[in-house]
Amino acid sequence: LGGPDPLDYVSMYRNLGSPALNVPEHWHYVSFGLSDLYGDNRVHEFTGTDGPSGFGFELTFRLKRETGESAPPTWPAELMQGLARYVFQSENTFCSGDHVSWHSPLDNSESRIQHMLLTEDPQMQPVQTPFGVVTFLQIVGVCTEELHAAQQWNGQGILELLRTVPVAGGPWLITDMRRGETIFEIDPHLQERVDKGIETDGSNLSGVSAKCAWDDLSRPPEDDEDSRSICIGTQPRRLSGKDTEQIRETLRRGLEINSKPVLPPINAQRQNGLNHDRAPSRKDSLESESSAAIIPHELIRTRQLESVHLKFNQESGALIPLCLRGRLLHGRHFTYKSITGDTAITFVSTGVEGAFATEEHPYAAHGPWLQILLTEEFVERMLEDLEDLNSPEEFKLPKEYSWPEKKLKVSILPDAVFDNPLH
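Residues numbered from 1 in each chain as written. Predicted model: local features only at pLDDT ≥ 70, side-chain atom pairs only at ≥ 80, totals over all residues. Heavy atoms only, no water.

What follows covers the nonpolar core. With 36 residues, the main nonpolar core has Leu310, Phe312, Leu324, Tyr336, Ile345 and Phe347 as its most contacted residues. If we ignore the near neighbours within four places in the chain, the residues touching Ile345 are Cys212, Ala213, Trp214, Leu310, Phe312, Phe334, Thr335, Tyr336, Leu370 and Ile372. The next biggest cluster of nonpolar side chains, apart from the first, holds 27 residues, and it includes Met80, Tyr86, Val100 and Cys143. (Core = buried A, V, L, I, M, F, W, Y, C linked by side-chain atoms within 4.5 Å. Buried < 20%, exposed > 50% of the residue type's maximum accessible area, 1.4 Å probe, protein only. Contact = heavy atoms within 4.5 Å.)

Together, Glu376, Glu380, Glu384 and Glu387 line one region of the surface with negative charge. Of note, Glu380 is situated in helix α10 (residues 376–385). Classification of Glu380 as partly exposed rests on a relative accessible area of 37%. (Patch = residues over 30% accessible without salt bridge, like charges linked within 9 Å, V, L, I, M, F, W, Y side chains within 5 Å. Areas by Shrake-Rupley, 256 points an atom, 1.4 Å probe, with all protein chains shown as cover. Salt bridge = Lys/Arg side-chain N within 4 Å of Asp/Glu carboxyl O. Lys, Arg positive; Asp, Glu negative; His and termini not counted. Charge placed at Lys NZ, Arg CZ, Asp CG, Glu CD. Helix = DSSP H or I, 4+ residues; strand = E, 2+ residues; numbered from the N terminus.)

Let us look at the packing of helix α9 (residues 320–327) against α10. Where α9 contacts α10, the axes come no closer than 10 Å and their chain directions differ by 145°. As for the relative orientation of α9 and α10, their crossing is left-handed in sense. Of α10, the residues touching α9 (which contributes Pro321, Leu324 and Arg325) are Val379, Met382 and Leu383. For the contact of α9 with α10, the residue count by class is 5 nonpolar, no polar and 1 charged. (Axes fitted to C-alpha atoms, helices over the stretch in contact; angles between N-to-C directions. Left-handed = near helix turned anticlockwise from the far one by under 90°. Nonpolar A, V, L, I, M, F, W, Y, C, P; charged D, E, K, R; others polar.)

Now for the packing of aromatic side chains. Summed over the entire model, instances satisfying the criterion amount to 12 aromatic pairs. Here Tyr86 and Phe94 contribute two aromatic rings whose centre-to-centre distance is 5.9 Å and whose plane-to-plane angle is 25°, an arrangement assigned as stacked. Neither Tyr86 nor Phe94 differs from the other in exposure class; each is buried. Following the ring pairs from residue to residue traces out a cluster consisting of Phe312, Phe334, Tyr336 and Phe347. Directly above the aromatic system of Tyr38 lies the positively charged group of Arg42, at a separation of 3.8 Å from the ring centroid. Over the aromatic face of Phe378 sits the side chain of Lys406, whose NZ or CZ is 5.2 Å from the ring centroid. (Phe/Tyr/Trp six-rings, centres within 6.5 Å; stacked < 30°, edge-to-face > 60°. Lys NZ or Arg CZ within 6 Å of the ring centre and 35° of its normal.)

For helix α1 (residues 75–90), with 16 residues, the first-to-last C-alpha span of 23 Å sits near the 22 Å given by 1.5 Å per residue. Positioned one or two residues after α1, Glu91 has a phi angle of 60°, which is positive. (Expected span 1.5 Å × (residues − 1).)

What follows covers the pattern of salt bridges. With the rule as written, the count across this model stands at 16 salt bridges. Linking Glu405 and Arg381 is a salt bridge whose minimum nitrogen-to-oxygen distance equals 2.1 Å. Placement of the pair is Glu405 in the loop between β17 (399–403) and β18 (408–413) and Arg381 in helix α10, with a sequence separation of 24 residues. By relative accessible area, which is 46% here, Glu405 ends up partly exposed. Of the residues examined, Arg381 reaches a relative accessible area of 36% and is grouped as partly exposed. The salt bridge partner of Lys399 is Asp388, with a shortest N-O separation of 3.4 Å. Taken together, the residues Lys399 in strand β17 and Asp388 in the loop between α10 and β17 connect sequence positions 11 residues apart.

Before going further, it helps to examine the pairing of strand β14 (residues 344–348). Across the 5 residues that make up β14, a large majority, 5, are buried. Neither face of β14 is left uncovered, since the one carrying Ala344, Thr346 and Val348 and the one carrying Ile345 and Phe347 both have all their residues buried. Looking at chain direction, strand β13 (residues 333–338) and β14 are connected through 5 bridges and run antiparallel. If you follow Tyr336 over to β14, its bridge partner there is Ile345. As defined by bridge partners, β14 adjoins strand β16 (residues 369–373) across 5 bridges and the pair is classed as parallel. By the bridge assignment for β16, Ala344 is matched with Trp369. (Pairing = 2+ DSSP bridges.)

Our focus in this paragraph is unusual backbone geometry. The omega torsion across Leu397 and Pro398 is -5°, close enough to zero to call that bond cis. Mapped onto the secondary structure, Pro398 falls in the loop between α10 and β17. Backbone geometry places His103, a non-glycine residue, at a positive phi of 60°. Its identity as a non-glycine residue notwithstanding, Asn108 has a phi of 60°, on the positive side. Within the secondary structure, Asn108 sits in the loop between β4 (99–100) and β5 (115–120). The exposure class of Asn108 is exposed, given its relative accessible area of 69%.

Moving on, we come to the confidence of the model for the protein chain. Per-chain confidence: the protein chain averages 82 in pLDDT, with 78% of residues scoring 70 or above. Helix α7 (residues 289–292) is the least confidently modelled element of the protein chain, averaging 26 in pLDDT, while helix α4 (residues 183–186) averages 98, the highest of any element. Predicted confidence for residues 223–237 stays below pLDDT 50, and this span has 37 contacts to residues more than four positions away or in other chains. Here residues 253–300 is modelled with pLDDT under 50, and outside its nearest four sequence neighbours on either side it reaches 197 contacts, counting other chains as well. (pLDDT = per-residue confidence, 0-100.)

Here it is as structure tokens:
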């Protein structure tokens, strides 16, 4: 299936599988154009043979072949084209273990397979081309419950569980759009493995792009240059180059699961759910090598706030317990980056180094980037008070939570509040 741009091309193959490995026959889709096809700077900048070719990867997808099906369905190619366009437009890349929150059946049917995980293709190994190295990332369709487990724990862990369940993917992680049960319904013992993994490892989701905002309730702004209110309907000062790079690294790279936490680059165009920790780090810190050299830390003005009001839509708010239990209780950090502006909210624990929020001044801001330091004792209390966030079917908006002695307020608001800048 092809189009006018290199990113529009997807090849489709009939794969006989491997009876010896219990791998069924399926359709195999492979994109081409995310990597450099020409080496002449026509589409991608040519950076040499040793580095990545183009974006450094191509997408693949394996779909179970239905009995009597003589030609591959074309919807997977259209799905891959949509992801490829996102990569070209945002210049954000995917990595193994990433997840994509899609919130709709991948084939526009009534299927429960409504989200995606990404992993290395089991057959297609990285290749060295004249224009650089290309890896192959396979899209794996998953149910909502499996996506949530990946968020609360990590994508690689859920992928390994999917490999153990033949109807949910098996060793080659083949997507079956007719699968009607989650892996936890098929084998309830798998939920115990996830729960143990969360307790032991925490979550490796270091941040998401989201619908969020925050207000400084300490006092009204004195002037435009010293604006102390960041909210929907205002025009906040833009993040500094250092701040932007740090937040970008947080969403793009994140932390190693069992390391002491480091707040490393956020990308304003990163979509909700596409973010996951990946690069190893020796300690948890808000400084990254790439951002530290941009602007000396001492020159960044920090504003210490007395009282703050955090605002999230329901989808973003539902991730707060994950942020608290899976990240902060494991000595890590979690960042919400607004998809409607420059606003960013980073929660940090006392074990995170390099944060400009401290136990003495737990609310601090650099322009529209707010950091909130929460002690373990307060996190435990918040988890109790926010327990109803885990039951979205019983949730009525708007919803407000308040901790007066901490001078902290959290509101869960309808999407329309964030979609309408004049609200």
